[in-house]
Amino acid sequence: MATQTTVAQIGTYEGQAVILRGWLYNKRSSGKIQFLQVRDGTGVIQCVAVRNEVGEDVFARCSELTQEASVIVEGVVRADARAPIGYEVQLTDIQLVGESVDYPITLKEHGVDFLMDHRHLWIRTPRQRAILKVRAEVERAMQAFLDGDGFTRVDPPVLTPSSAEGTTELFHIKYFDEDAYLTQSGQMYMEAAAMALGKVYSMGPTFRAERSKTRRHLIEFWMIEPEMAYYTHDDNLALQERFVSSVVEHVLNHCEAELATIGRDVSKLQHVTAPFPRMSYDEAIAWLQKRGHDIQWGDDFGAPHETELAGQFDRPVFIERYPTAIKAFYMQPDPERPEVVLCADLLAPEGYGEIIGGSQRIHDFHLMEERFAQHHLPEAAYQWYLELRKWGSVPHSGFGIGLERTVAWICGLEHVREANPFPRTLYRLYP
RNA sequence: UCCUCGAUAGCUCAGCGGUAGAGCAUCCGGCUGUUAACCGGAGGGUCGUAGGUUCGAAUCCUACUCGGGGAGCCA
């Protein structure tokens, strides 16, 4: 009796009769033999139907199949050196489950606009499937690292009363008779959670109503935000480099086939081991000036600056201690130099830009109160955040890592939209 | 918001003042080892929308619509 299995497991059934349930990816045929490429979500395998072996009826059913028709295939597993995965199925029977007439996405080239309009079908293609698998492994690796390091996952709210930073544009919605906004960061809630549980992290979607349309921006994207009580700035950076390098190592060890499908040059990832190089903001400015850039101490970096800074190294680089004036209100000033804050951005190599932003947070009540006043923050809405500094406040640090940017970098993607199953970009909410 | 590029067959594109084209997809036929298979044939179009220039506009001009890439901002 034939055993039901998957393409990924096929090697353990050599010589045996199996049943595969999937979809027709492609078909090549001649008068008396047909090659059916069947995918089942775990992989693609070629099923061979020979006319004078399967009989006229089964052969005719194969002939009628079209691209992406769903099928249940029965056949015998054979090792074959010509097959990309080393095995083929000698087809004995096939059933059509659901027909597929005029499937829009062909095996030829398509434009971005067309593919994005058909994202619900585009994700069936091997490359997109591979990217989604890598994304899932990145998420798994992040959770495994943090869970194994004594962190507790805490889920912050998506609906919030106001902005944490005031600068970025928020999605405004009605909350019955009140105004509410979609979260742009769970950080403040994670600071509260860190005082309750020590080391915590969140993993979820975040929203920015910025009219950004570049290969590095999505309107809705996922962030992982760890927050650690009693962690200093240096503790924070040491954690980040262990974290990022363990994620890369996990993907290299578990996604070899997927990275090959995507065409990623994995040698570029093999250097990504701790420690990561560090540059102070001061050094970075001086370095850029020496290279002919018209940039002054106090300016923020633009995308080309970041690319050039990161281009010096074969692994991510920390740029730390930015001017207080250009950074978020909650960042802890350097005690030796209050004009800079204890923060760092982690820039990925190969032009992928900032994947992490993090800092030590202000823990002193009076300093935080001062910052609220300086930044004209709505104290009423964030009374609770201020109160964290009133009862048992401790030095603490945290960071946020962008999931899609991380996946785009690890996979070597042209655009972060491919790293999200149903990306939300400027001017695109469908499908 | 600004800069820049684009819109022609189901898809990817060519045509850039003078009868609307190719490859792929689809349909029909051929082929027992194909790898984005190949070979032969067929069907398939208000050239994004609205104006304008011209004897004549897919082609030149203007506006609009919808997208792509980038800047700023950020992860």
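About the cut-offs
Residues numbered from 1 in each chain as written. Chains lettered and ligands numbered in written order. Predicted model: local features only at pLDDT ≥ 70, side-chain atom pairs only at ≥ 80, totals over all residues. Heavy atoms only, no water. Pairing = 2+ DSSP bridges. Helix = DSSP H or I, 4+ residues; strand = E, 2+ residues; numbered from the N terminus. Contact = heavy atoms within 4.5 Å. Axes fitted to C-alpha atoms, helices over the stretch in contact; angles between N-to-C directions. Domains from an automatic or database assignment. Near = heavy atom within 4 Å. Polar contact = N/O pair within 3.5 Å; in protein donor to acceptor, adjacent residues only side chain to side chain. Patch = residues over 30% accessible without salt bridge, like charges linked within 9 Å, V, L, I, M, F, W, Y side chains within 5 Å. Areas by Shrake-Rupley, 256 points an atom, 1.4 Å probe, with all protein chains shown as cover. Salt bridge = Lys/Arg side-chain N within 4 Å of Asp/Glu carboxyl O. Phe/Tyr/Trp six-rings, centres within 6.5 Å; stacked < 30°, edge-to-face > 60°.

**Some thoughts on the sheet that holds strand β18 (residues 353-361)**
Ordered in space as β7-β11-β12-β19-β18-β17-β14-β13, the eight strands form an open sheet in which the pairing is mixed. Here the strands that pair on one side only, and so sit at the sheet edges, are β7 (152-153) and β13 (278-280). Contacts from helix α5 (residues 126-148) reach β7, β11 (199-207), β12 (220-229) and β19 (396-402), with the element oriented near 155° to β11. Sitting on the sheet, helix α10 (residues 303-310) touches β13, β14 (317-320), β17 (343-348) and β18, and the angle it makes with β17 is about 75°.

**Focus on the domain arrangement of chain A**
Interfaces are often described in size by the accessible area the parts lose on coming together. Once the domains are mapped, chain A shows domain 1 (3-98) and domain 2 (119-419). Summarising the inter-unit geometry, the C-alpha centres of domain 1 and domain 2 are found 46 Å apart.

**Regarding the protein's contact with RNA strand B**
Near RNA strand B there are 49 residues, and of these Asn26, Arg28, Glu88, Arg208 and Arg215 occur at the shortest range. Among all atoms of RNA strand B positioned within 4 Å of the protein, those belonging to sugar or phosphate total 49%. At a separation of 3.4 Å, a phosphate oxygen of RNA strand B approaches a polar side-chain atom of Asp300. Contributions of two or more residues to the surface near RNA strand B are made by β2 (17-29), β3 (33-39), β4 (44-50), α3 (112-117), β12, α10 and β18.

**Some details on a nonpolar patch on the surface**
Taken together, the side chains of Val158, Leu159, Tyr175 and Phe176 make up a nonpolar region of the molecular surface, amounting to roughly 420 Å² of accessible area. Within the secondary structure, Leu159 is located in strand β8 (residues 159-160).

**Overview of the packing of aromatic side chains**
Taken as a whole and assessed by the stated rule, the structure comprises 15 aromatic pairs. A ring pair is formed by Tyr189 and Trp384, whose centres lie 4.8 Å apart and whose planes are at 25°; its orientation type is stacked. Here Tyr189, found in helix α6 (residues 187-197), pairs with Trp384, found in helix α12 (residues 383-387); they are 195 residues apart in sequence, far enough to count as distant. Aromatic side chains Tyr281 and Phe301 sit 5.4 Å apart centroid to centroid with 45° between the ring planes, which places their arrangement in the tilted category. One end of the pair, Tyr281, is in helix α9 (residues 281-290); the other, Phe301, is in the loop between α9 and α10, with 20 residues separating them in the sequence.

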